[in-house]
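These are the residues of each chain, in order.
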Amino acid sequence: MPAMRTDTPQAIKLADYRPPAFLVEEVSLAFDLQPSATRVKASLKVRRNGDHNEPLKFNGERLKPISMAIDGRALAEGERTIDGEFLIIPDAPDAFTLTTEVEIDPQANKALDGLYMSGGRFCTQCEAEGFRKITFWPDRPDVLSRFTVRIEADKGFERLLSNGNLMESGDLPGGRRYAVWNDPFPKPCYLFALVAGELDVLEDSRVTSSGRTVDLRIYVDPGMAPRAAYAMDALKRSMKWDEDTFGLEYDLDLFMIVAVRDFNFGAMENKGLNIFNASLLLADPATATDLDFERIESVVAHEYFHNWTGDRVTCRDWFQLCLKEGLTVFRDQSFSADQRGHAVQRIKDVKALRARQFAEDQGPLAHPVRPSSYMKIDNFYTATIYEKGAEVIRMLKTLIGPDAFRKGMDLYFERWDGHATTVEAFIRCFADVSGQDLGPFFAWYEQAGTPKVTLTSHYDAERRELALEIVQETAPTPGQPVKGALPIPVTIGLLDGDGRTQAFVRDGQAVDETVVVLDGAKTTVVLTGVDERPVVSALRGFSAPVKLTSNAESRDRYVLLAGDPDLFNRWEAGQELARALILARATGMADEVGEERYAEAVGRALADQAADPAFKALLLMLPSEPDLALAMTPADPAAIHEARQALRLRLALHLADELKRLHAGLQEVGEFSPDAAGAGRRALRNAALDLMAANPRSEIGELAFGHYEAAANMTDAVGGLAALSLIGGDLYERALSDFYEQWKAEPLVIDKWFALQARDPDEGALGRVMGLTAHPAFEAKNPNRLRALVATFASFNPVRFHDPSGAGYRFLADQILATDGFNPMTAARLVEPLGGWRRYKPELGRLMKAELERILKHPDLSKNVFELVSRSLAEE
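None of the values given here were measured: they were computed from a predicted structure.

## Description of the sheet that holds strand 8 (residues 86-89)
Taking strand neighbours across the sheet as the criterion, the 3 strands line up as 4-8-7 in an open arrangement whose pairing is antiparallel. Among the strands making up the open sheet, the edge pair consists of strand 4 (56-59) and strand 7 (81-82). Bridge count between strand 7 and strand 8: 2 bridges; the pairing is antiparallel. Bridge pairing links Thr81 to Ile88 in strand 8.

## Digging into the pattern of salt bridges
Enumeration according to the criterion identifies 86 salt bridges in this entry. Here Arg540 and Glu513 are joined by a salt bridge, their closest N and O atoms 3.0 Å apart. Of this pair, Arg540 sits in the loop between strand 32 (535-538) and strand 33 (547-550) while Glu513 sits in strand 30 (residues 513-518); the two residues are 27 residues apart in sequence, bridging distant segments of the chain. What makes Arg540 buried here is its relative accessible area of 8%. Since its relative accessible area comes to 39%, Glu513 is described here as partly exposed. The salt bridge partner of Arg585 is Glu592, with a shortest N-O separation of 3.9 Å. Classification of Glu592 by relative accessible area gives partly exposed; the value is 47%. Because the salt bridges share partners, they merge into one network encompassing Glu61, Arg62, Asp113, Glu129, Arg132, Lys133, Asp139, Lys376 and Asp378.

## Digging into the packing of aromatic side chains
The final tally for this structure, using the stated rule, is 40 aromatic pairs. Geometrically, the ring pair formed by Phe131 and Trp137 is edge-to-face, given 5.3 Å between the ring centres and 80° between the ring planes. For the pair Phe131 and Trp137, a shared accessibility class is recorded, and that class is buried. Pairing Trp308 with Phe413 gives two aromatic rings, centres 5.5 Å apart and planes at 75°, and the pair type is edge-to-face. Placement of the pair is Trp308 in the loop between helix 2 (290-305) and strand 22 (313-315) and Phe413 in helix 6 (residues 402-416), with a sequence separation of 105 residues. Of the aromatic side chains, those joined through ring pairs into one cluster are Trp241, Phe246, Tyr250, Phe255, Tyr304, Phe305 and Phe335. The side chain of Arg316 reaches across the aromatic face of Tyr17, ending 3.7 Å from its centre.

## Some points on the nonpolar core
Core analysis: the largest hydrophobic core is formed by 286 residues, its most contacted members being Phe31, Leu98, Phe192, Phe426, Tyr445, Ile492 and Tyr598. Among the elements that line this core, the one with the most residues is helix 10 (residues 567-586), at 9 residues. Sequence-distant contacts of Phe426, defined by excluding residues within four places in its chain, comprise Leu323, Leu327, Ile393, Leu396, Met409, Tyr412 and Tyr445.

## Section: the state of the cysteines
Working definition: the covalent bond between the sulfur atoms of two cysteines is a disulfide. Counted according to the given criterion, the structure contains 0 disulfides. The closest cysteine sulfur to the non-disulfide-bonded Cys322 is located on Cys315, 7.8 Å from its own sulfur. Given a relative accessible area of 5%, Cys322 falls into the buried group.

## Digging into unusual backbone geometry
In this structure, the amide linkage connecting Glu127 to the following residue, Ala128, adopts the cis form with an omega of 5°. For the bond running from Thr633 to Pro634, omega is -10°, close enough to zero to count as cis. Within the secondary structure, Pro634 is located in the loop between helix 13 (625-630) and helix 14 (637-654). The phi dihedral of Asp507 is positive, around 55°, even though this residue is not glycine.

## Structural notes on the environment of Leu736
The residue Leu736 is located in helix 19 (residues 730-743) in this model. Overall, Leu736 belongs to the buried group, its relative accessible area being 3%. Put simply, Leu736 and Ala722 are 14 residues apart on the chain and 10.0 Å apart in space, counted from C-alpha to C-alpha. Non-local contacts of Leu736, meaning those with residues more than four positions away in its chain, are made with Leu721, Trp753, Gln757 and Arg768.

The rules we used
- Residues numbered from 1 in each chain as written.
- Predicted model: local features only at pLDDT ≥ 70, side-chain atom pairs only at ≥ 80, totals over all residues.
- Heavy atoms only, no water.
- Pairing = 2+ DSSP bridges.
- Helix = DSSP H or I, 4+ residues; strand = E, 2+ residues; numbered from the N terminus.
- Salt bridge = Lys/Arg side-chain N within 4 Å of Asp/Glu carboxyl O.
- Buried < 20%, exposed > 50% of the residue type's maximum accessible area, 1.4 Å probe, protein only.
- Phe/Tyr/Trp six-rings, centres within 6.5 Å; stacked < 30°, edge-to-face > 60°.
- Lys NZ or Arg CZ within 6 Å of the ring centre and 35° of its normal.
- Core = buried A, V, L, I, M, F, W, Y, C linked by side-chain atoms within 4.5 Å.
- Contact = heavy atoms within 4.5 Å.
- Disulfide = S-S within 2.5 Å.

What is shown is where atoms sit, not what they do.
If you want it as structure tokens, here you go:
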């Protein structure tokens, strides 16, 4: 590895955790808001924690100190030390009031953490380490304090908002106004929030199951309140669901959400005052797609559910991040499944898991659900923490049963409400209520990597027995060369040759489905009473986050695709068949007979009148090119793209009549509804058009253009435009121009315009993308816009990103370095597409590695980017 910076950031380790030396029981904050010179006065009631005798050491970054005192006595220069990261007071007493005043510059804060300006408004983002950029503080999640906040600003900043309950507000001399907020619940500083500005509000209320009325308010840009209606509806449904499912009520009298345009994350669960990226809050049929509506529903639920799993019970330290995020993702996925259908939602969740987390596990950035070290915690808001963390919770529920799981959740809140705790304490609750030894299960939190499970079945017709041998193996990952066995629940059912459910006997009981727990390197299970050679349906519902292979024959997968009652495995059979066909062609072994058989099977599935349209839409979608790259060693993006396109063309030709019938028959009539049924019909219609676009005939282009022109909602408009991008030509350019002219005043819609072009597989894609960085509407300092163009190109246009010249890699590296200069958090999130360089053909991998080395040589690299790039280049 080349020599770079000499001040190499040091890792923070879980093993080094120590309780805080000082606690802050109460704090009063006073903000005098000015865009370039905000003053923050803080009065902290501090006490020494136990018998700790070390100096007081509080975090503080980008702060201009004005004054500082202990118990009213100003501290002299020699009594405290302030550097770029810490305030140190060597001789702090055991209990005292620390008062400080600092000045900060929100207008210049383009990193978008701490207090910053967005669209002329003040807003905050404090998770994970933003509060230290507001005032001096022990910026760690195990310091819980009661906050009182006074905000003063010019009257033009109409709304002055913070956590908790509004205590008083009014006008001040000189055209100023103020508001005072108090949060009665102790919270860590990462949950602090402040918003000030001109905002419209959508108001509603909900009566909880105990009869309390909670006022609900969503604050948005002026004129945008109607677009918050769906988010409000989702919020009310989330509140009811949490009461019904977990017995959890909201605890304040007021719940607020604010939409902001400039935001590094999707949303933030600040107690009583959630702050959302506007893209995940604002929607109407004209400007938002069905995917937007789904994501809004899911994210509103996620942030609301954090009120208990994250706010009332929080993390002891950031290594426990999965304790709040993995658990809350599990909760929001369960909510979405109840709202939109369990099978379809499960398929979507697993697609996302495989696309992001499986890729993470196969690369140099692999880490456990609970990591043991980090340089910047911002880099661990990952699919492993979130999505795999949710899968671990799902397995826990499977292993101990739903009743014990609910009792364990109840015990968790009973024991830890109002505290910061650990994953060990969480798991202990479920061990106590179930009576099970969950010690081996804890390895799921500590071991990185995706287990490979191999299932071998042997049928004895004479004895009517089926023997299932199940083996697990996990490949080495960075820092973990040796892997142990994990307890893996494998849900299994049997079908006969015609796809009918086949009952069997296990442990003396006749059943049609069972859960086999693979709790060692290998186990063998014998099922009896099996009347004929079965088709094994294994890992139903994706019962564990593993990669499953078996000795099943191709014909068995066709049986599963045709009739498995477990819809996830029905979909999975189709994906496995398609994946095998595409990879065979990509490696020069095309199976044209098999491709035709697959097309026939998909046609029969489409003709099933009983199947949900949303499920059919998913059946029509082939495995993505990034997904296929994970299954090919070494990955050849160009060969994958060509092979996948060949199978798409085969399907488009074989299913031409059926696709046209679906497209014509599912045209939107009547009033738009974002519900699951309406979204499913639109998904199938647009999937049919997408597949037809694989056929280059001119009439398909005209059909797609007509689809775009006739679109009565954004879902269909984007569907038409996406299909045209696959065809190219004048009609595509006309539609692009028309779309921009129609929506150029709508930032969230123009994000879609940029993203659509970033996905364009045309040979000139990179030139188009580079040209768009000079477009007047491109805002590099807005994370949404940057992600729409740059991240979409690098992550979702592999055939052009992996151009043999390396130009795509150079473009991304340039963007990372440019962004790192003002927003390290967002820059670091662009590194991942380069990080998997070892998985690709050597001639591509060398070029990717060279760009990572170029980034690492930059003299002013942030800790965020340094950590991810250095890990990507580290020796295996």
